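Observations on chain architecture
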Amino acid sequence: MLRLNCFFQANEGKYAEALEAAKSLTACSLNHEGVIAYDVFESATRPGIFMICETWQNGEVLAKHAATPEFEKYVGIMNECGSLKLEQFEF
């Protein structure tokens, strides 16, 4: 299994737009083959920060997810609204 923690830092005035994109991506991703868990968490202590936490069966299904049109659309919006940092763990 693979776990991804994707941390997002919003540019000024862009948090709400990025969070909506993250929620839309989450809704789509929960239907993708091989997803075990996928959710968005907002920081309670740092304004403008949220994290997408994903768990996938393997790298093959993760690659298919990353190649979907909705992934490209919503990650593109998030990249326009701030910066993403990815941590990946295999277990």
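Placed above this text is the structure.
No experiment lies behind these values; they were computed from the predicted model shown.

1. As for the pattern of salt bridges
For the structure on display, the rule yields four salt bridges. One salt bridge connects Glu 17 with Lys 14, and the closest N-O pair in it is separated by 3.5 Å. Look at Lys 14 and you get partly exposed, because its relative accessible area is 32%. Within the structure, one salt-bridge network assembled from shared partners comprises Glu 33, Glu 60 and Lys 64.

2. With respect to helix α3 (residues 69–81)
The terminal C-alpha atoms of α3 lie 19 Å apart, and with 13 residues this matches the ideal 18 Å at 1.5 Å per residue to within 8%. Buried residues in α3 make contact with β1 (2–10), α1 (15–29), β3 (49–56), α2 (59–66) and β4 (82–90).

3. What to know about α2
Inspection of α2 places Val 61, Leu 62 and His 65 among the buried residues, and these make up the whole buried set. Buried positions in α2, seen along its axis, are confined to an arc of 105° and lie on one side of it. Between the side-chain oxygen of the N-cap and the backbone nitrogen of Glu 60 there are 3.0 Å, and the N-cap of α2 in question is Asn 58.

4. Remarks on the packing of α1 against α3
Remark: α1 packs on α3, axes separated minimally by 9 Å, with the N-to-C direction vectors making an angle of 160°. Regarding the angle of α1 to α3, the classification is roughly antiparallel. Relative to α3, the crossing made by α1 is left-handed. Between α1, through Glu 17, Ala 18, Ala 21, Ala 22, Ser 24, Leu 25 and Cys 28, and α3, the contact on the second element is made entirely by Glu 70, Phe 71, Tyr 74, Val 75, Ile 77, Met 78 and Cys 81. Looking at the contact of α1 with α3, its residues break down into eleven nonpolar, one polar and two charged.

What counts, and at which threshold
Residues numbered from 1 in each chain as written. Predicted model: local features only at pLDDT ≥ 70, side-chain atom pairs only at ≥ 80, totals over all residues. Heavy atoms only, no water. Salt bridge = Lys/Arg side-chain N within 4 Å of Asp/Glu carboxyl O. Buried < 20%, exposed > 50% of the residue type's maximum accessible area, 1.4 Å probe, protein only. Helix = DSSP H or I, 4+ residues; strand = E, 2+ residues; numbered from the N terminus. Expected span 1.5 Å × (residues − 1). Contact = heavy atoms within 4.5 Å. Arc of directions from axis to C-beta. Polar contact = N/O pair within 3.5 Å; in protein donor to acceptor, adjacent residues only side chain to side chain. Axes fitted to C-alpha atoms, helices over the stretch in contact; angles between N-to-C directions. Parallel < 35°, antiparallel > 145°, perpendicular 65-115°, else oblique. Left-handed = near helix turned anticlockwise from the far one by under 90°. Nonpolar A, V, L, I, M, F, W, Y, C, P; charged D, E, K, R; others polar.

None of this, on its own, says anything about what the molecule does.
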